[in-house]
Amino acid sequence: KDIEYIDSYYYNKLEYTRFSSSVGKYVGFTERGVKNAEYWNKDASLLSAMKAQKEVYCLNHVPGYYRAAL
């Protein structure tokens, strides 16, 4: 429930765009990042693929890492 998948894009150590599974879309932080986010958010297949990444990476791997950390 508390797991969030984040895919961030950086240029010169500055984050310009991020996909967050809790928001469900891309968010831009710079002028160029906002343009990228608007373009990527128009693609429904890309958004559904990114939303599925939460299950692929997080939900399948976290239980094992959580047990190891305890």
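In short, a report on the structure. (Residues numbered from 1 in each chain as written. Predicted model: local features only at pLDDT ≥ 70, side-chain atom pairs only at ≥ 80, totals over all residues. Heavy atoms only, no water.)

**A few points about the environment of S20**
Part 1 of the reasoning: Position of S20 among the secondary structure elements: in strand β2 (residues 14-20).
Part 2 of the reasoning: Spatially, the C-alpha atoms of S20 and R32 are 18 Å apart, while their sequence positions differ by 12 residues.
Part 3 of the reasoning: Setting aside residues up to four positions removed in sequence, S20 forms contacts with E4, Y5, I6 and K25.
Part 4 of the reasoning: Looking at S20, its side chain comes within polar contact range of the side chain of E4, at 2.3 Å. (Helix = DSSP H or I, 4+ residues; strand = E, 2+ residues; numbered from the N terminus. Contact = heavy atoms within 4.5 Å. Polar contact = N/O pair within 3.5 Å; in protein donor to acceptor, adjacent residues only side chain to side chain.)

**Side note on the side chain of T17**
Part 1 of the reasoning: Counting through the fold element by element, T17 comes out in strand β2.
Part 2 of the reasoning: Classification of T17 as buried rests on a relative accessible area of 0%.
Part 3 of the reasoning: A polar contact of 3.4 Å, which involves the side chain of T17, links it to the backbone oxygen of G33.
Part 4 of the reasoning: If sequence neighbours within four positions are ignored, T17 has contacts with D7, S8, Y9, Y26, V27, G28, F29, G33, N36, A37 and W40. (Buried < 20%, exposed > 50% of the residue type's maximum accessible area, 1.4 Å probe, protein only.)

**What about unusual backbone geometry?**
Part 1 of the reasoning: Although it is not a glycine, N12 sits at a positive phi angle of roughly 50 degrees.
Part 2 of the reasoning: Phi at K13 takes a positive value of approximately 65 degrees, unusual for a residue other than glycine.
Part 3 of the reasoning: By the element assignment, K13 lies in the loop between β1 (6-11) and β2.

**Section: a nonpolar patch on the surface**
Part 1 of the reasoning: A grouping of V62, Y66 and L70 is seen on the molecular surface, where their side chains present a nonpolar patch of about 350 Å² in accessible area.
Part 2 of the reasoning: Secondary-structure assignment places L70 in the segment after α2 (44-69). (Patch = residues over 30% accessible without salt bridge, like charges linked within 9 Å, V, L, I, M, F, W, Y side chains within 5 Å. Areas by Shrake-Rupley, 256 points an atom, 1.4 Å probe, with all protein chains shown as cover. Salt bridge = Lys/Arg side-chain N within 4 Å of Asp/Glu carboxyl O.)

**Here we look at the packing of aromatic side chains**
Both the distance between ring centres and the angle between the ring planes are used here to describe each pair of aromatic rings.
Part 1 of the reasoning: Enumeration according to the criterion identifies 4 aromatic pairs in this entry.
Part 2 of the reasoning: Each ring, one from Y9 and one from W40, has its centre 5.3 Å from the other, and the planes form 50 degrees; the classification is tilted. Of this pair, Y9 sits in strand β1 while W40 sits in helix α1 (residues 31-41), and the two are 31 residues apart along the sequence.
Part 3 of the reasoning: Given the relative accessible area of 22%, W40 is considered partly exposed.
Part 4 of the reasoning: An aromatic cluster is built from Y9, Y16, F19, Y26 and W40, whose rings are joined through pairwise contacts. (Phe/Tyr/Trp six-rings, centres within 6.5 Å; stacked < 30°, edge-to-face > 60°.)

Remember that the coordinates give geometry; whether it matters functionally is a separate question.
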